[in-house]
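A look at the structure
Residues per chain are reported as follows:
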Amino acid sequence: VVKRVTIPQLMACKRQRKIVALTAHSAPVARAIDPHVDFVLIGDSTAMVAYGLPNTLSISLETIAQHTAAVARSTQRACIVADLPFGSYQESLAQAFRSAGYLLSQGADAVKLEGGAIMAETIQYLSSRGIPVLAHIGLMPQYVNTMGGYLSQGKSPEEAARIRADAHAVQRAGAFGVVLEGVQEALAAEITAQVSIPTIGIGASPACDGQILVTEDILGLSGERVPKFVKRYADLDTMMRKAVEQYAEDVRSGAFPEPQHCFGVKST
Ligand code: KIV
Ligand code: NA
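Residues numbered from 1 in each chain as written. Chains lettered and ligands numbered in written order. Predicted model: local features only at pLDDT ≥ 70, side-chain atom pairs only at ≥ 80, totals over all residues.

- In the nomenclature of an unreviewed UniProt entry, the protein chain corresponds to 3-methyl-2-oxobutanoate hydroxymethyltransferase from the organism Zwartia hollandica.
- Recorded in UniProt under Pathway (unreviewed entry), the annotation for the protein chain is "Cofactor biosynthesis; (R)-pantothenate biosynthesis; (R)-pantoate from 3-methyl-2-oxobutanoate: step 1/2."
- A UniProt comment under Sequence similarities (unreviewed entry) is attached to the protein chain, and it reads "Belongs to the PanB family." (UniProt positions renumbered as here; feature names shortened; annotations may be inferred.)

Notes on the confidence of the model for the protein chain
- Averaged over every residue, the pLDDT of the protein chain is 97; residues scoring 70 or more account for 99%.
- Mean pLDDT values for the elements of the protein chain range from 94 in helix α7 (residues 144-147) up to 99 in strand β3 (residues 79-83).
- Predicted as a complex, the structure gets a pTM of 0.97 and an ipTM equal to 0.99. (pLDDT = per-residue confidence, 0-100. Helix = DSSP H or I, 4+ residues; strand = E, 2+ residues; numbered from the N terminus.)

Here we look at the site of ligand 1
- Around ligand 1 lies a shell formed by T23, L41, G43, D44, S45, D83, V179, E181, I202, I212 and V214.
- Tallied by class, residues from the shell around ligand 1 come to five nonpolar, three polar and three charged. (Near = placed C-beta within 6 Å. Nonpolar A, V, L, I, M, F, W, Y, C, P; charged D, E, K, R; others polar.)

As for the nonpolar core
- One finds V40, V81, V111, V133, A135, V170 and A175 to be the most contacted residues of the largest nonpolar core, which totals 70 residues.
- For this core, the element with the highest residue contribution is helix α4 (residues 61-73), accounting for six residues.
- Excluding residues within four positions of it along the chain, V81 makes contact with F39, L41, A108, D109, A110, V111, K112 and L134. (Core = buried A, V, L, I, M, F, W, Y, C linked by C-beta atoms within 7 Å. Buried ≥ 20, exposed ≤ 12 C-beta atoms within 10 Å, placed from the backbone. Contact = placed C-beta atoms within 7 Å.)

Here's the deal with the UniProt feature "binding site: Mg(2+)" (unreviewed entry) in the protein chain
- Following the UniProt record, one finds the feature "binding site: Mg(2+)" (unreviewed entry) at D44, D83 and E114. In summary, the annotated positions, though distributed over 71 residues, converge in three dimensions, the widest C-alpha pair being only 10.8 Å.
- For D83, the position within the fold is in strand β3.
- Judged by the 30 C-beta atoms lying within 10 Å of it, D83 is buried.
- Ignoring any residue separated from it by four or fewer positions in sequence, one finds D83 in contact with L41, I42, G43, D44, I64 and K112.
- Mapped onto the secondary structure, E114 falls in strand β4 (residues 110-114).
- Beyond its immediate stretch of four places on either side in the chain, E114 contacts H136, M140 and Q142.

What to know about unusual backbone geometry
- Cis geometry is adopted by the peptide bond preceding P257, which originates at F256 and carries an omega value of 0 degrees.
- Tracing the chain through its elements places P257 in the segment after α11 (236-253).
- Residue R15 is not a glycine yet carries a positive backbone phi of 60 degrees.
- With respect to the helices and strands, the residue R15 is situated in the loop between α1 (7-12) and β1 (19-23).

Some remarks on helix α9 (residues 185-194)
- When we look at burial in α9, the residues that qualify are L187, A188, I191 and T192. Down the axis, α9 shows its buried residues gathered within 130 degrees of arc, on one side only. Residues of α9 that are exposed and point more than 90 degrees away from the buried face comprise A186, A193 and Q194.
- Buried-residue contacts for α9 involve α8 (157-173), β6 (177-181) and β7 (199-202). (Arc of directions from axis to C-beta.)

Some points on the packing of α4 against helix α5 (residues 93-105)
- Relative orientation of the contacting elements α4 and α5 amounts to 25 degrees, with a least axis distance of 9 Å. Judged on the interaxial angle alone, α5 and α4 are roughly parallel. Considering only the axes of α4 and α5, their crossing is right-handed. Counting all contacts with α4, which are made through L61, I64, A65 and T68, the residues of α5 involved are S99, Y102 and L103.
- Of the residues that constitute the contact of α4 with α5, the class distribution is five nonpolar, two polar and no charged. (Axes fitted to C-alpha atoms, helices over the stretch in contact; angles between N-to-C directions. Parallel < 35°, antiparallel > 145°, perpendicular 65-115°, else oblique. Left-handed = near helix turned anticlockwise from the far one by under 90°.)

Some thoughts on the sheet that holds strand β5 (residues 133-138)
- Within the closed barrel, the eight strands sit side by side as β1-β2-β3-β4-β5-β6-β7-β8. Their pairing is parallel. Looking at each pair of strands side by side, their axes are set apart by 25 degrees on average, direction ignored.
- As defined by bridge partners, β6 adjoins β7 across four bridges and the pair is classed as parallel. The residue of β7 that forms the bridge with L180 is G201.
- Each of β2 (39-42) and β3 is contacted by α4, which is oriented at about 170 degrees to β3, the strand it contacts most. (Pairing = 2+ DSSP bridges.)

Set out below in C-alpha cells:
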C-alpha cells in the first residue's frame, strides 16, 4: 500500500526540497500526475478549465466536492487539497467549517481558501478543529471584481506591506502553507525567508518553497491565452484535434470500423 504525503511531511519540505503541485479535477489527469506531485489541488479554476466559465466565482461546493472525490479515488500518494469555492466560507466560521468538513468527507486532506489577515480567524477556526488550511494570498482570483482584472500584486510599497502582513497573519492563524500568486519576485523571496511555513508560488518566482500551476495550462488544453507565468510542456489540444479529425475521416470513408473492431466477423 502506498502512503499518501501528509501535511506534516509537506511542512517539513521547507528549506529542504521543493514542493511540486498541480491541479486536477478528473480521473485521468489525477492518475497521470499522482506519481510526480507532492499535492494535487482540486482548484476552483475547474470552473474555467472544465466548465468554460469566465471566472472562478460561480462553481459550487457540490461541484468541487464531486471532483475532489474523483481525484481522491484516482490517486494513491499525493496529498489532496481542495479549494473552498467563492461563497462557501466567507459568511461565518460555522459555514466555513461545514463546507471544509464536507470536502474532507469527499476525500480532501486539506482545504485552500483565499484571503490573508481578513481570513485569519477562519483559518484558526478550521485548523484548530482538525482541518488543515492552505492560505492563498497576493492575486486572489475570487477578488476579480474588486481588482478589476487579474493583475500582478505587490508592486507598490503599500501593497507589498499588506501582502507581507497577510503572510504573517495566515502563519500565525495556523495555515500549513501559503500560496503566493502573481507576486513580485523580491517580495516572494522576502516572505519565503521570513515565514516558517512553505510558500507555494504561482507566478511568484523560483524564490518560493514550491510551485503550482493549472495542469490544463501546462498541457496546452486551456486555449491560446495563458498567463505569463505558465510554461507549456505539451500541446495536447493539437494532438486531440488531429486524433478526432482522423476518426471523423475514417468513419466517413468507411476505414473504421475494421474487422477486429467487430463482433461476429472473422478478422484476417
Ligand atoms: O484554482 C486554482 O487552480 C488555484 C491555483 C493556485 C493553481 O487556486
Ligand atoms: Na483556486
